[in-house]
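Remarks on the overall topology
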Amino acid sequence: MKIGFLFSGQGAQYSNMGLDLYESDSIYRETVEQASALTGMDLGTIYRNENNELAQTVYVQPAIVTMSLGITRMLKRDLPQLDVRGMVGLSLGEYSALIAADSLDFENGMRVLKDRAMYMQSDAEKTDGAMAAVMKTDIDVIENICKKASNGSEVVCPANYNSPKQVVIGGNKAAVDRAIKLFHEQEIKNVIPLKVSGAFHTPLFKKASSLMGKRLANVQFEKTTVPVISNTTAQPFAPEKSREILTRQLTSPTHFHQCVDYMINNLEIDTVVEIGPGQTLSKFTKQIDKKIERYHIDNQSNYQKFIEASRG
Amino acid sequence: MTEQEIFGKVKDIVVEQLDVDADKVKMDSDIKEDLEADSLDVFEIMNELEDELDIKLEADEGVKTIKDVVEYVKKEVDAK
């Protein structure tokens, strides 16, 4: 197995995620406890989601990254010989990847993430953002419609190039609505409005991006142990560029499709392992290249399944 | 088409779209709860069925279980 790790992004969360790992695995539990101390959040309670905490950007971001890192530590302990060729995280998941690849240390990473989540929540609350998934439609057509639907004060643009079959657009609600209307006028019916709290990866997050730039100014990035492919550039992160890229990340579209292509073509992966809640990224990978073997780990049972498969 | 034939089609598409084992897809499986589909998945499944069977379906037709999908598809196929 030549493996690419995929790290879940926001939107993949669900109630009680990772709690079976928390109960059964000491290194996982330790990770959650350390992250709780570093962020000043009670992640155990947040995972239970009894008061809908996971619907809030400010809580869900540290919760997902912590889960992904807890699982990564378990894998490092149980399968130290694993042939990991590269890593990609979707948006938020890029922090999981950079921490997993020792570019960003866990303590600083968690603190930065807490602030990132706060900046983003603030922009999400201040703007009238909306997003919609467009399926099976040419990128040129999508980009054209976005241009037509935007004007000086309201914008809509591609925000996530997820797979050959799915692009998500986002922007001011009025502009997104205009774009949806234009799609319908062109007989493109495969457009689904998404339930999101903001138009992530669009210019609507300008304020968060500028705050992020300041926040990252004194954060140290090391060389990654394996290539981590950036959503923003679709190239490996280089430590001297990471601050700038992570600042731009907030207002730039994600190129998950190209990132996976990079791992297939340049790092020769034949297997992906999605680490963190859900299996959205595995599904995108399947749409990108059916031949890639796929695993996802978000509970004890699929963790064991992967351990057994990797030992042949 | 018989209900059984439609079930076969739905099952193939669901297995492909959701990456689940074929024996997990039963008439009474809840698509979102048991098969862990999100609304985009439901949309894609409907889309595939439309293409394969040359019918028109709405993704938000209130389908919950596989049985709901099969019955909805059967209704549209019969009305063709």
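Residues numbered from 1 in each chain as written. Chains lettered and ligands numbered in written order. Predicted model: local features only at pLDDT ≥ 70, side-chain atom pairs only at ≥ 80, totals over all residues. Heavy atoms only, no water.

Turning next to the sheet that holds strand S7 (residues 271-275) of chain A. Residues and elements named next belong to chain A. Across the sheet, which stays open at both edges, the four strands sit in the order S2-S1-S7-S8 with parallel pairing between neighbours. Two strands in the sheet have a free side with no partner beyond their single neighbour: strand S2 (84-89) and strand S8 (293-297). This sheet shows a mean twist of 20 degrees between the axes of neighbouring strands, independent of strand direction. Two strands pair when backbone bridges link them, and strand S1 (residues 3-7) and S2 are joined in this way by five bridges, in the parallel orientation. Across the sheet, phenylalanine 5 pairs through a bridge with methionine 87, a residue of S2. Helix H11 (residues 256-266) rests against S1 and S2 of the sheet, and its axis sits at about 175 degrees to S2. (Pairing = 2+ DSSP bridges. Helix = DSSP H or I, 4+ residues; strand = E, 2+ residues; numbered from the N terminus. Axes fitted to C-alpha atoms, helices over the stretch in contact; angles between N-to-C directions. Contact = heavy atoms within 4.5 Å.)

This paragraph deals with the environment of Asn266(A). Residue and element names in this part refer to chain A. With respect to the helices, strands and loops of the structure, asparagine 266 is situated in helix H11. The exposure class assigned to asparagine 266 is partly exposed, which follows from its relative accessible area of 47%. Sequence separation of asparagine 266 and lysine 206 is 60 residues, and the distance between their C-alpha atoms is 33 Å. (Buried < 20%, exposed > 50% of the residue type's maximum accessible area, 1.4 Å probe, protein only.)

Our focus in this paragraph is unusual backbone geometry. The phi dihedral of Asp102(A) falls on the positive side, at around 60 degrees, and the residue is not glycine. Of note, Asp102(A) is situated in the loop between helix H5 (93-100) and helix H6 (106-126). Of note in this structure, Asp19(B) is not a glycine but carries a positive phi near 60 degrees. Note on placement: Asp19(B) falls in the loop between helix H1 (3-18) and helix H2 (39-53). Classification of Asp19(B) as partly exposed rests on a relative accessible area of 29%.

Residue and element names in this part refer to chain B. Counting through the fold element by element, threonine 65 comes out in the loop between H2 and helix H3 (66-79). The class of threonine 65 is buried, set by a relative accessible area of 17%. With residues near it in sequence (within four places) discarded, threonine 65 still touches Met27, Asp28, Ser29, Asp30 and Ile31.

This paragraph deals with the state of the cysteines. Residue and element names in this part refer to chain A. Under the definition given, this model contains zero disulfides over all chains. No disulfide involves cysteine 157; its nearest neighbouring cysteine sulfur is the one of cysteine 146, lying 6.6 Å away. Not part of a disulfide, cysteine 259 finds its nearest cysteine sulfur in cysteine 157, a span of 18 Å. A residue is classified by how much of its surface remains accessible, and cysteine 259, at 0% relative accessible area, is buried. (Disulfide = S-S within 2.5 Å.)

Residues and elements named next belong to chain A. The buried count for S1 comes to five of five residues, which makes it a mostly enclosed element. With five bridges joining them, S1 and S7 adopt parallel strand pairing. Residue isoleucine 3 lies in a different strand from S7, and its bridge partner there is threonine 271.

Further remarks concern the packing of helix H7 (residues 139-149) of chain A against helix H8 (residues 173-185) of chain A. Helix-helix packing is described using two parameters, namely the angle between the two axes and the distance between the axes. Residue and element names in this part refer to chain A. At a closest axis distance of 8 Å, the pairing of H7 and H8 adopts a crossing angle of 130 degrees. With respect to their mutual orientation, H7 and H8 come out oblique. H7 and H8 meet at a crossing whose hand is right-handed. Between H7, through Ile142, Ile145, Lys148 and Ala149, and H8, the contact on the second element is made entirely by Ala175, Arg178, Ala179, Leu182 and Phe183. A breakdown of the residues in the contact of H7 with H8 according to their chemical character gives seven nonpolar, no polar and two charged. (Parallel < 35°, antiparallel > 145°, perpendicular 65-115°, else oblique. Left-handed = near helix turned anticlockwise from the far one by under 90°. Nonpolar A, V, L, I, M, F, W, Y, C, P; charged D, E, K, R; others polar.)

All names here are of chain A. Segmenting chain A into domains produces domain 1 (3-124 + 204-310) and domain 2 (128-197). With centres defined by C-alpha atoms, the gap from domain 1 to domain 2 works out at 26 Å. For the domain 1 and domain 2 pair, buried surface summed over both sides reaches about 1,100 Å², with 56% attributable to carbon and sulfur atoms. Among the residues domain 1 hides against domain 2, the three largest losses belong to Leu204, Phe284 and Gln287. Together they make up 45% of the total. Summed over the shared surface of domain 1 and domain 2, the number is zero salt bridges. (Domains from an automatic or database assignment. Buried area = accessible area lost by both parts, 1.4 Å probe. Salt bridge = Lys/Arg side-chain N within 4 Å of Asp/Glu carboxyl O.)

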